[in-house]
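# Descriptive analysis of the structure
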Amino acid sequence: MHEGDYLSLNGTTGEVYFGEVKTKPAEVTGDFAELMELCKKYTKLVVRTNADTPHDAEVASTFGAVGIGLCRTEHMFFENEKIKAMREMILSDTVEGREKALDKLLPYQKQDFYGILKCMDGMPVNIRLLDPPLHEFVPHDLKGQETMAAEMGVSVQFIQNRVNSLSEHNPMLGLRGCRLGNTFPEITAMQTKAILGAAVQLKKEGFNPMPEIMVPLVGIVNELDIQESIIRKTAKKLFEKEGVEVPFKVGTMIEIPRAALTADMIAQKAEYFSFGTNDLTQMTFGYSRDDIASFLPSYLEKKILDVDPFQVLDQNGVGQLIKMAVEKGRQARKNLKCGICGEHGGEPSSVKFCHRVGLNYVSCSPFRVPIARLAAAQAAVEEN
Amino acid sequence: MNEKRVYTFGNGKAEGKADMKNLLGGKGANLAEMNLIGVPVPPGFTITTDVCNEFFEKGKDNVVALLKNEVEKSVQHIEGLMNSKFGDPANPLLVSVRSGARASMPGMMDTILNLGLNDTVVVGLAAKTGNERFAYDSYRRFVQMYGDVVLGMKPVNKEDIDPFEAIIQKVKAERGIKLDNEMTVEELKKLVVLFKEAIKAQTGKDFPNDPMEQLWGAICAVFDSWMNERAILYRKMEGIPQEWGTAVSVMAMVFGNMGNTSATGVCFSRDAGNGENRFNGEYLVNAQGEDVVAGIRTPQQITKEGSQRWAKQQGIDEETRKAKFPSMEETMPEIYAQLNALQNKLEKHYHDMQDMEFTVQEGKLWFLQTRNGKRTGTAMVKIAMDLLHEGEIDEKTAILRCESNKLDELLHPVFDKEALAQARVLTRGLPASPGAACGQIVFFADDAAKWHEDGHHVIMVRIETSPEDLAGMSAAEGILTARGGMTSHAAVVARGMGKCCVSGAGAINVDYRTARLKLTAQSCTKAIIFH
């Protein structure tokens, strides 16, 4: 056999096989399950998962996740028919045009939320409203633009102009997060209808859905204020029409330093905080996460940084903002629920920090759930 | 800064103890502790980790001056207890010099054995032991190790073998012999001369004759090895701060290569791969420690049960096993009983799975090291739960015993049972570190890293691994070696990383130059040879 040929190794039996042998996911059983039970006994911090699909949610719940801490909605728009409707919505230049496209999207969104809420029945599911810059969804190639032009009955030139107008110098600091919902309130209304519509349907079927609607990238309380009232109004109308009411919460992500600094004001409108530590780290350090590779190795070598702050939570800086926001937030709203949903939610030292500053939960990717559970239990044990 | 830089131990007494790990390193602290609880350990002393930091701050010469008094006194302490003298041909003291950081870093730093030998001492040692072969074998090993570690004799290219190994092969080829132990005393003597010449030719340095000079060279080399590439990489991977430094332990030599009543081995109080409560390990009769770890000779099992299991995996029948590969339990039953009792005592004392090194010198058992054993994620969880059930630790300790990041290994995919039933077995080796891995074959560490970076899944295939291969092992999905046992470098490091590893797959033939893996027909059930 030559370099580059495939081999498979079984380190448990010592056998070596030809070619590639198929593998399957691991399960939590035996001693591992016992350890996890032991963790449950001591932990104070609970562990949720970041999941965008019923499949991820299912995997995470077998690992012991007790809810979803972050369900991103943007990934749901990328399949064939959905992306067309999404593009149509973005490329329209009138409210009517957008609403027409959003009506097409509504059933798809509702179906997606139905699946996830059902899978996590009886557990909180925190759904984030549309967050990324819109240019991420539109076609940048000529063929895609031609298809959209035909679909919408407009000229290719029109489409190209719209695509160009969406281009931004710094999209991560541009039209995204709640700025989308505040610029195009019909998006927030549609997503609320989809989330709560799915919840109503489940409730009618005898399930116990626990949706939470999260407004992203808030920096000023007014941003949240307007979004919250759209959500509440839409909910009221929907519940009246359906004759069924489902309890739900409205919260926000704390991911802009200004939000942390004014957490007491924001907590008047938010029923919970979820710390989005990816963006919070980005904006506190002023590092673009996508560009950090150009200087991080040198910073680590020169010991300017001990670790990559996007992997291990910076307790002295970003962590202080979290600590302060939790304290201020709870001054305004005593039972304010606080959690973290950045990558840090599955990193042991960051999880321990979250325990120490009194968060209620951490949320991490499904395969980090057991790791976070053990770290959370250790934090509780170490405290005494 | 603590003014005391050196801590002695020996004869049931010690200036240090187990909770002084930060200062004495894991090895030094445990050597002291073993003395205190009545485990037989050769006398010696440990230079603190603080000195390692001083070494890099103040420089070699200043630190040697600072240490001089204490080290000389401590050498006398060993001489007193061993009834021998450094450099005295009539009654020579030989020592080992080893690194030992706060956290275990297996194989990352350097070790020197048989220090104290020179052209006159070796004659004395031969006369005293009546074993000329042993004396010269020890001497050539020392020159080899010292040349490599202290004087910097390394292979020039990655395809080259070790320069000393090249000389050995040449000498063996001259007489058409294959095994190291087939060399005559004259040939061993010749090796010493050739080694020294090669050192002089490649490095321009003379081999030092004065034992104290040798000792200082070795102490400084161990400190220096704290900053070698592989140690730095290992620290980065494990998150060990540079400021911790390494301690240096100097200990009287005991010899596992003084004939058939001598042996050396490595053992674990539980199975480091799957966590089962089964005393296990490997040993070699008439050998020195490096022979076991380096994977140069394939060692035998310590327990009879382990030996039978090993034989089954290798397809060796019971009769052949008994005759050719007997366990220590069978060949040295009394020593085995002592060893078994002491491993139990150590595990009970530390309340954790122990990884121990020992040597038997002419029927007397000595412990050279004990530490909490590196283990896979699976073993970590099982051992914690078992110790909890056995009442050795409480629930909180059990939780703290588990390293959260290591759970990752338990979440890795496993082979699909149906796919596995249909898989064609190429060959078998030892189940050195559990898990399922598949990927493309690479033969060199730097290729493994490069291929991995390009998005390939790779299996690193080596004759045996060395600490230089660390980066490649880390990038690979799994590791396959042709030689080496359950305690070989590949096996120990792979278990620490939680990487799947099959070691000692004797039927594979690795040719680095042509980048090919062949299967020797004898143990391939289907008798196919691959080109």
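In what follows, the structure referred to is the one given above.
Bear in mind the structure is a predicted one, so any value in this text is a computation, not a measurement.

Counting secondary structure elements, chain A contains 16 helices and 11 strands. The C-alpha radius of gyration of chain A comes to 23 Å, within 12% of the 21 Å expected for a compact globule of 384 residues. With the principal axes as the frame, chain A shows a C-alpha extent of 65 × 65 × 55 Å. By residue count, 54% of the 384 residues in chain A fall in the buried class. Long-range contacts, defined as pairs at least 24 residues apart, comprise 71% of the intrachain contacts of chain A with a sequence gap of at least 6. When the accessible surface of chain A is summed, it comes to about 16,400 Å², and 51% of that surface belongs to carbon and sulfur atoms. For chain A, the centre of its 44 positive side-chain charges and the centre of its 51 negative side-chain charges are spaced 7 Å apart.

Residue and element names in this part refer to chain A. An order of β4-β5-β6-β7-β8-β9-β10-β11 is seen for the eight strands of this closed barrel, with the pairing classed as parallel. Each strand of the sheet is rotated relative to its neighbour by a mean of 30°, with strand direction disregarded. Pairing analysis gives three bridges linking strand β5 (residues 68-72) to strand β6 (residues 124-128), with the strands arranged parallel. Counted as the bridge partner of Arg 72 is Arg 128 from β6.

Once that is clear, we can look at the packing of helix α2 (residues 49-58) of chain B against helix α8 (residues 211-225) of chain B. Residue and element names in this part refer to chain B. Direction vectors running N to C along α2 and α8 enclose 85°, while the axes themselves pass 10 Å from each other. Judged on the interaxial angle alone, α8 and α2 are roughly perpendicular. Side by side, α2 and α8 meet where Val 51, Cys 52, Phe 55 and Phe 56 of the first sit next to Cys 220, Phe 223 and Asp 224 of the second. When grouped by side-chain class, the residues that make up the contact of α2 with α8 number six nonpolar, no polar and one charged.

Further remarks concern the nonpolar core. One finds Ile 266, Phe 273, Phe 275, Ile 322 and Leu 359 of chain A together with Leu 407 of chain B to be the most contacted residues of the largest nonpolar core, which totals 98 residues. What Phe 275 of chain A contacts, discounting residues up to four positions off in sequence, is Ile 254, Leu 280, Ile 322, Ala 325, Val 326, Cys 338, Gly 339, Ile 340, Cys 341, Gly 342 and Leu 359 of chain A. Counting 90 residues, the second largest nonpolar core, distinct from the first, contains Phe 142, Ile 199, Phe 255 and Met 473 of chain B.

Within the structure shown, the criterion is met by 18 aromatic pairs over all chains. Relative to Phe 415 of chain B, the ring of Tyr 17 of chain A has its centre 5.7 Å away and its plane inclined at 85°; by these criteria the two rings are edge-to-face. Of this pair, Tyr 17 of chain A sits in strand β2 (residues 15-18) while Phe 415 of chain B sits in strand β12 (residues 414-415), on two different chains. Here Tyr 17 of chain A matches Phe 415 of chain B in class, with each residue buried. For the ring pair Phe 444 of chain B and Tyr 512 of chain B, a centre distance of 5.4 Å and an interplane angle of 40° mean the geometry is tilted. Here Phe 444 of chain B is found in the loop between β15 (436-442) and α18 (445-453), whereas its partner Tyr 512 of chain B is found in the loop between β19 (508-511) and β20 (516-519), with 68 residues between them in sequence. Phe 444 of chain B gets classed as buried once you look at its relative accessible area, which sits at 9%. A relative accessible area of 18% places Tyr 512 of chain B in the buried class.

For the rest of this paragraph, the subject is the pairing of strand β16 (residues 458-462) of chain B. Residues and elements named next belong to chain B. Most of β16 sits out of view: five of its five residues are buried. Here β16 shows two buried faces, one formed by Val 458, Met 460 and Arg 462 and the other by Ile 459 and Val 461. Handedness of the β15-α18-β16 crossover: right-handed. In this sheet, strand β17 (residues 478-481) lies alongside β16 in parallel orientation, the contact comprising four bridges. Pairing of Arg 462 across the sheet is with Thr 481, part of β17.

As a further point, take the state of the cysteines. One pass over the structure, following the stated rule, counts zero disulfides over all chains. The thiol of Cys 267 of chain B is unpaired, and the distance to the nearest cysteine sulfur, on Cys 501 of chain B, comes to 20 Å. For Cys 402 of chain B, which is in no disulfide, the shortest distance to another cysteine sulfur is to Cys 39 of chain A and amounts to 7.7 Å.

A separate point is the sheet that holds strand β8 (residues 280-285) of chain B. Residues and elements named next belong to chain B. Pairing is antiparallel across the open sheet formed by five strands, whose spatial order is β9-β8-β7-β10-β11. The sheet is open, and its two borders are formed by β9 (300-301) and β11 (364-372), each paired with just one other strand. Both strand β7 (residues 263-268) and strand β10 (residues 354-361) contribute to a ladder of six bridges, which runs antiparallel. When the bridges of β10 are listed, Phe 268 appears paired with Asp 355.

With that settled, the discussion passes to the interface of chain A and chain B. Taken together, the 48 residues of chain A in the interface contact 62 residues of chain B. Looking at the side of chain A facing chain B, the largest losses of area belong to Met 1, Leu 9 and Phe 18 of chain A, adding up to 15% of the total buried there. The interface formed by chain A and chain B contains three salt bridges. Run the count over chain A and chain B and you get 23 residue pairs in polar contact (both at pLDDT 80 or more). Put simply, the parts of the chain that give the side of chain A that touches chain B at least two residues each are β1 (6-10), β2, β3 (23-24), α1 (30-42) and α16 (369-383) of chain A. Ranked by residues supplied to the side of chain A that touches chain B, first place goes to α1 of chain A with nine residues. Taken together, the residues of the side of chain A that touches chain B sort by class into 25 nonpolar, 11 polar and 12 charged.

All names here are of chain B. Although it is not a glycine, Asn 114 sits at a positive phi angle of roughly 65°. Summarising the element assignment, Asn 114 is placed in strand β5 (residues 111-115). On the basis of relative accessible area, Asn 114 is assigned to the buried category, the value being 1%. A positive phi angle, close to 50°, is found at Ala 515, a residue other than glycine. Summarising the element assignment, Ala 515 is placed in the loop between β19 and β20.

With the rule as written, the count across this model stands at 52 salt bridges over all chains. Taking the shortest distance from any N to any O, the salt bridge between Glu 15 of chain B and Lys 4 of chain B comes out at 3.1 Å. Residue Glu 15 of chain B is found in the loop between β2 (13-14) and α1 (21-36), and its partner Lys 4 of chain B is found in the segment before β1 (6-10); the two are separated by 11 residues along the sequence. With a relative accessible area of 39%, Glu 15 of chain B lands in the partly exposed category. One salt-bridge network, held together by shared partners, links Glu 74, Arg 128, Asp 131, Arg 176 and Asp 279 of chain A.

The next thing to look at is α16 of chain A. Compared with an ideal rise of 1.5 Å per residue, which puts 15 residues at 21 Å, α16 of chain A spans 21 Å between its outermost C-alpha atoms and is within 8% of the ideal. Judged by how many residues are buried, α16 of chain A sits mostly within the fold: 13 of 15 residues are covered.

With that settled, consider the environment of Asn 344 of chain B. Looking at the element boundaries, Asn 344 of chain B is found in helix α14 (residues 333-350). Sequence-wise, Asn 344 of chain B and Asn 280 of chain B are 64 residues apart; in three dimensions their C-alpha atoms are separated by 12 Å.

As a further point, take the pairing of strand β11 (residues 361-364) of chain A. Residues and elements named next belong to chain A. Residues Tyr 361 and Ser 363 point to one face of β11 and Val 362 and Cys 364 to the other, with burial holding for every one of them. Examined bridge by bridge, strand β4 (residues 46-50) and β11 share four bridges and lie parallel to one another. Opposite Arg 48, over in β11, you have Ser 363 as the bridge partner. In this sheet, β11 lies alongside strand β10 (residues 337-340) in parallel orientation, the contact comprising two bridges. Looking at the pairing, Gly 339 lines up with Tyr 361 of β11. One crossover worth recording links β10 to the parallel β11 by way of helix α15 (residues 348-356), and it is right-handed.

Attention now goes to the packing of α1 of chain A against helix α15 (residues 377-389) of chain B. As a packed pair, α1 of chain A and α15 of chain B sit with axes 9 Å apart at the nearest point and diverge in direction by 65°. By the angle class used here, α1 of chain A and α15 of chain B are roughly perpendicular. With respect to the hand of their crossing, α1 of chain A and α15 of chain B are arranged in left-handed fashion. Contacts from Asp 31, Phe 32, Glu 34, Leu 35 and Leu 38 of chain A in α1 of chain A reach Val 381, Lys 382, Met 385, Leu 388 and His 389 of chain B in α15 of chain B.

Here is what the cut-offs are and how they apply
Residues numbered from 1 in each chain as written. Chains lettered and ligands numbered in written order. Predicted model: local features only at pLDDT ≥ 70, side-chain atom pairs only at ≥ 80, totals over all residues. Heavy atoms only, no water. Helix = DSSP H or I, 4+ residues; strand = E, 2+ residues; numbered from the N terminus. Rg over C-alpha atoms; globule rule 2.2 N^0.38 Å. Buried < 20%, exposed > 50% of the residue type's maximum accessible area, 1.4 Å probe, protein only. Contact = heavy atoms within 4.5 Å. Areas by Shrake-Rupley, 256 points an atom, 1.4 Å probe, with all protein chains shown as cover. Lys, Arg positive; Asp, Glu negative; His and termini not counted. Charge placed at Lys NZ, Arg CZ, Asp CG, Glu CD. Pairing = 2+ DSSP bridges. Axes fitted to C-alpha atoms, helices over the stretch in contact; angles between N-to-C directions. Parallel < 35°, antiparallel > 145°, perpendicular 65-115°, else oblique. Nonpolar A, V, L, I, M, F, W, Y, C, P; charged D, E, K, R; others polar. Core = buried A, V, L, I, M, F, W, Y, C linked by side-chain atoms within 4.5 Å. Phe/Tyr/Trp six-rings, centres within 6.5 Å; stacked < 30°, edge-to-face > 60°. Right-handed = clockwise from strand over helix to strand, strands pointing away. Disulfide = S-S within 2.5 Å. Buried area = accessible area lost by both parts, 1.4 Å probe. Salt bridge = Lys/Arg side-chain N within 4 Å of Asp/Glu carboxyl O. Polar contact = N/O pair within 3.5 Å; in protein donor to acceptor, adjacent residues only side chain to side chain. Expected span 1.5 Å × (residues − 1). Left-handed = near helix turned anticlockwise from the far one by under 90°.

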